[in-house]
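Here is how the chains run, residue by residue.
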Amino acid sequence: HRRKAATWMKILVTFAVDWEFKPWLRQRAFQREPRNDCTFRARIKGVDVRALLTGVGPDNAVRSIANSLDEIPDLCITSGLAGGLNPQYRPGDVLVGRAVCDSSGETLVYSDERFFSSAVDCGAKPASRFISVSRVVRTVQEKSRLSASADAVDMESFAIINELSGLGVPCVAIRSVSDSSEMSVPYDFDRALDASGRIQMFQVLGQIVCDPRRGWPLARLGVRSSRAAASLARFLDAYVGKLAGYKEKLDVNVQHINQ
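On a predicted model such as this, the values are computed, not experimentally measured, just so you know.

(A) Layout of the side chain of D154. Inspection of the secondary structure puts D154 in strand 12 (residues 152-154). With a relative accessible area of 4%, D154 lands in the buried category. There is a polar contact of 3.4 Å between the side chain of D154 and the backbone nitrogen of E156. Not counting chain neighbours up to four residues away, the residues in contact with D154 comprise L81, A82, F130, I131, S132, V133 and R175.

Here it is in structure tokens:
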């Protein structure tokens, strides 16, 4: 049984890990939800925003949504950081993807055109396509190979849009570039992930201890990633505020699922 709810527009925003979300968390009075340390809520300019930390990778993203989604939002923004594949996109650029393909490059899901256009109007750079893969893309050579299929690479957008589109939820993929096409990732993120897709920093530090030459490249990537996350937070805050005035124009409603 479903019923229409009240006037607040409800937006679900997903991030893979907490440090992608932290700049926005500091900027707004997000409150952690009871009994779920991966979800946070805030009201921003007439919008009820729910932020969900899914963990890294497509499987964790789908599992997290299945375990946390107790209502149908008006919109899902799948967000976080991405690796640049197109040389025109630089660290800190906020991109909105018109489409997202799976790792094969053959199956596509699409951002809702209304929300894609409104993201561009708000300052995001339009990208024809993102590609979602199941492991961290580390080398310039891998990025060059994937650049034939997409403009940027992440690990969750395809799975999230594919999952929520099946529930009739409009989605839009928005990512901030942390490392451009000519930058390699100096450490193996995959080895540092636990079973829930959380990054274990002691594993990263262990790689540095084994090879101290990684220390400086890691620090540079950390600075770029922090700046990219801050850029993403500024964009999302402005974008959500813009969408608050679009509710009637976009003709969206909130639906709740009675458990």
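Past the structure itself, the notes keep going.
(B) Main features of the pattern of salt bridges. Enumeration over the complete set of coordinates arrives at 16 salt bridges. The partner of E33 in a salt bridge is R50, with the nearest N and O atoms 2.9 Å apart. Placement of E33 in the loop between strand 3 (31-32) and strand 4 (39-44) and of R50 in strand 5 (residues 47-53) is noted, with a sequence separation of 17 residues between them. R50 shares its class with E33; the two are buried. Linking D179 and K143 is a salt bridge whose minimum nitrogen-to-oxygen distance equals 2.5 Å. You can see D179 sitting in strand 13 (residues 171-179) and its partner K143 sitting in helix 4 (residues 140-146), a full 36 residues away along the chain. Classification of D179 by relative accessible area gives buried; the value is 6%. You can call K143 buried: its relative accessible area is 1%.

(C) Here's a closer look at the packing of aromatic side chains. Scanning all chains against the criterion turns up 6 aromatic pairs. Pairing F15 with F21 gives two aromatic rings, centres 5.1 Å apart and planes at 40 degrees, and the pair type is tilted. Each member of the pair, F15 as well as F21, carries the same accessibility label: buried. Through successive ring pairs, a cluster of aromatic residues spans F15, F21, W24, F30 and F40.

(D) The nonpolar core, seen in detail. One finds I11, F15, W24, F30, I77, I174 and Y239 to be the most contacted residues of the largest nonpolar core, which totals 32 residues. Counting residues per element, this core draws most heavily on helix 7 (residues 215-244), which supplies 7 residues. With residues near it in sequence (within four places) discarded, F30 still touches F21, W24, L25, F40, R41, A42, I44, V49 and A51. By size, the runner-up hydrophobic cluster in this structure holds 23 residues, among which are A61, I72, I161 and L164.

(E) Examining helix 3 (residues 113-121) more closely. Looking only at helix 3, the buried set comprises F115, F116, S118 and A119. With its buried residues spanning 165 degrees around the axis, helix 3 presents them on a single face. One side-chain oxygen at the N-terminal end of helix 3 lies 2.9 Å from the backbone nitrogen of R114; it belongs to D112.

(F) Local environment of the packing of helix 2 (residues 58-68) against helix 5 (residues 157-165). The N-to-C vectors of helix 2 and helix 5 enclose an angle of 35 degrees; their axes lie 8 Å apart at closest approach. As helix 2 packs across helix 5, the resulting crossing turns out to be right-handed. Where helix 2 abuts helix 5, its residues P58, A61, V62 and I65 lie against A159, I160, E163 and L164. Of the residues in the contact of helix 2 with helix 5, the class split is 7 nonpolar, no polar and 1 charged.

(G) How the structure looks around the pairing of strand 7 (residues 75-78). Alternating positions in strand 7 separate into two faces, L75 and I77 on one and C76 and T78 on the other, with burial throughout. Strand direction decides the pairing type here: strand 2 (residues 9-15) and strand 7, joined by 4 bridges, are parallel. Across the sheet, the residue bridging to I11 is L75, located in strand 7. Alignment of strand 7 against strand 13, held across 3 bridges, turns out to be parallel.

(H) Spatial organisation of the environment of P126. Within the fold, P126 resides in strand 11 (residues 125-132). Of the residues examined, P126 reaches a relative accessible area of 45% and is grouped as partly exposed. It is 5.2 Å that separates the C-alpha atoms of P126 and V96, two residues lying 30 residues apart in sequence.

(I) The arrangement of the environment of K242 in detail. Topologically, K242 is positioned in helix 7. The class for K242 is partly exposed, based on a relative accessible area of 28%. Non-local contacts of K242, meaning those with residues more than four positions away in its chain, are made with S118, D121 and C122.

Definitions and cut-offs
- Residues numbered from 1 in each chain as written.
- Predicted model: local features only at pLDDT ≥ 70, side-chain atom pairs only at ≥ 80, totals over all residues.
- Heavy atoms only, no water.
- Helix = DSSP H or I, 4+ residues; strand = E, 2+ residues; numbered from the N terminus.
- Buried < 20%, exposed > 50% of the residue type's maximum accessible area, 1.4 Å probe, protein only.
- Polar contact = N/O pair within 3.5 Å; in protein donor to acceptor, adjacent residues only side chain to side chain.
- Contact = heavy atoms within 4.5 Å.
- Salt bridge = Lys/Arg side-chain N within 4 Å of Asp/Glu carboxyl O.
- Phe/Tyr/Trp six-rings, centres within 6.5 Å; stacked < 30°, edge-to-face > 60°.
- Core = buried A, V, L, I, M, F, W, Y, C linked by side-chain atoms within 4.5 Å.
- Arc of directions from axis to C-beta.
- Axes fitted to C-alpha atoms, helices over the stretch in contact; angles between N-to-C directions.
- Left-handed = near helix turned anticlockwise from the far one by under 90°.
- Nonpolar A, V, L, I, M, F, W, Y, C, P; charged D, E, K, R; others polar.
- Pairing = 2+ DSSP bridges.

Shape is all these values report; function is a separate question.
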